[in-house]
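Structural overview
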Amino acid sequence: MNRFISSIIIVAAVLVAVNTVITAASQSEPPSYHISMVVPLGPPDRWDYVVFDPDTGRVYVAHGDRVTVVDGTSGAVVGTVEGMPGGTHGIAVSHATGNGYTDDGKAGVVVEFDLTTLKVLKQIKAEIDADGIVFDPASGHIFVIDGDSGKLTVIDPKTDTVVATVDGGGGLEFGDTGNNGKFYVDGAEKNEIVRVDTATNMADAHWPMPTCVRPHGLAIDREHHRLFASCSNKVMVVMNADNGVVLATLPIGEGSDFASFDSQSDLAYSSNRDGTLSVIAEISPDKFVSLPPVQTPIGHARWRSTPRAAESIL
């Protein structure tokens, strides 16, 4: 893909998710999006997770060997976090300590940076293929998903030390927190959801998804305790987050790599490489229907709402 076009599409996708109005009043039409701003970020042309911080309005972009930080309102580039030659992937923010976290996945380290100055403060050893990073409010810890290693590295931001390493039992993909003492991770190797107790830092459940092949995206409806796993075989599996019962399997587009749930509209999303954003409506906690997809640029785009957060990759 053309490098300049790639950068335009990524930022447009982020700002669409942050700034557009989602219209799903009838629950029979897909949400309506429009591009409100375009911000070219330039090279390098490798992209991964993009995280919107609702407390500050900043957008953090995993951008090759750095994290590029953008003002989500003006579109101005605030600065960069640099020095990760192996490539950045996940990003998490700890406002209580004033620090952010990203990774050098090839080196298997987590990189701590100052949220104000964006200066790198410390490297913390994780595992090879450190990838997704999520802040868990219930424990106050940072959970790092070491994908190919099948581990989760748990960091306490107050001390910037690893307090636990959780064995996921196989290769992992993305994860999300229930904000209730439980953390959920895609078990990509075994087609399952792995549940982790964030108080004991131990996996306390492995729930199979027979209709899912290699889950990649994972989102959660925290109010109704429902998980939405997007899978490589073009389906989204809906699971009860309390007991692992599969409630529904619905069609989505091809090439899914991320999922999102918007609690304001009760819509789940899967972004797909085939140029679609699949939309699943939660009619009730036990009834789910597929809505017409939203057309997006062909490539690889992620959208996330936690709340009003966005993640994109092309």
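Up top you'll find the structure we're talking about.
Residues numbered from 1 in each chain as written. Predicted model: local features only at pLDDT ≥ 70, side-chain atom pairs only at ≥ 80, totals over all residues. Heavy atoms only, no water.

Below, the discussion takes up the pattern of salt bridges. Applying the stated criterion across every chain, the model contains eight salt bridges. Close ionic contact of Asp 176 with Arg 222 constitutes a salt bridge, the shortest N to O distance being 3.2 Å. Residue Asp 176 is located in strand E13 (residues 175–177), and its partner Arg 222 is located in the loop between strand E17 (215–221) and strand E18 (226–231); the two are separated by 46 residues in the primary sequence. On the basis of relative accessible area, Asp 176 is assigned to the buried category, the value being 5%. Judged by its relative accessible area of 28%, Arg 222 falls in the partly exposed class. Close ionic contact of Asp 197 with Lys 182 constitutes a salt bridge, the shortest N to O distance being 3.2 Å. Here Asp 197, found in strand E15 (residues 192–197), pairs with Lys 182, found in strand E14 (residues 182–187); they are 15 residues apart in sequence, far enough to count as distant. (Salt bridge = Lys/Arg side-chain N within 4 Å of Asp/Glu carboxyl O. Helix = DSSP H or I, 4+ residues; strand = E, 2+ residues; numbered from the N terminus. Buried < 20%, exposed > 50% of the residue type's maximum accessible area, 1.4 Å probe, protein only.)

Taken as a whole and assessed by the stated rule, the structure comprises seven aromatic pairs. Measuring from ring centre to ring centre gives 6.2 Å for Tyr 60 and Phe 113, while their planes differ by 45°; the resulting arrangement is tilted. Linking Tyr 60 in strand E2 (residues 58–63) with Phe 113 in strand E7 (residues 109–114), this pair joins segments that are 53 residues apart in sequence. The class for Phe 113 is buried, based on a relative accessible area of 0%. Note on Phe 143 and Phe 183: the rings are 4.7 Å apart at their centroids and 15° apart in plane angle, and the pair reads as stacked. Here Phe 183 lies in strand E14 and Phe 143 lies in strand E10 (residues 141–146), a separation of 40 residues in the sequence. In this structure, Phe 143 and Phe 183 share a single accessibility class: buried. Taken together, Tyr 49, Phe 174 and Phe 258 form an aromatic cluster joined through their ring pairs. (Phe/Tyr/Trp six-rings, centres within 6.5 Å; stacked < 30°, edge-to-face > 60°.)

With that settled, consider the sheet that holds strand E24 (residues 287–295). Spatially, four strands are ordered E21-E22-E23-E24 in an open sheet, and the strand pairing comes out antiparallel. Of all strands in the sheet, those with a lone pairing partner are strand E21 (256–262) and E24, marking the two edges. Between one strand axis and the next, the sheet turns by 20° as a mean value, whatever way the strands run. (Pairing = 2+ DSSP bridges. Axes fitted to C-alpha atoms, helices over the stretch in contact; angles between N-to-C directions.)

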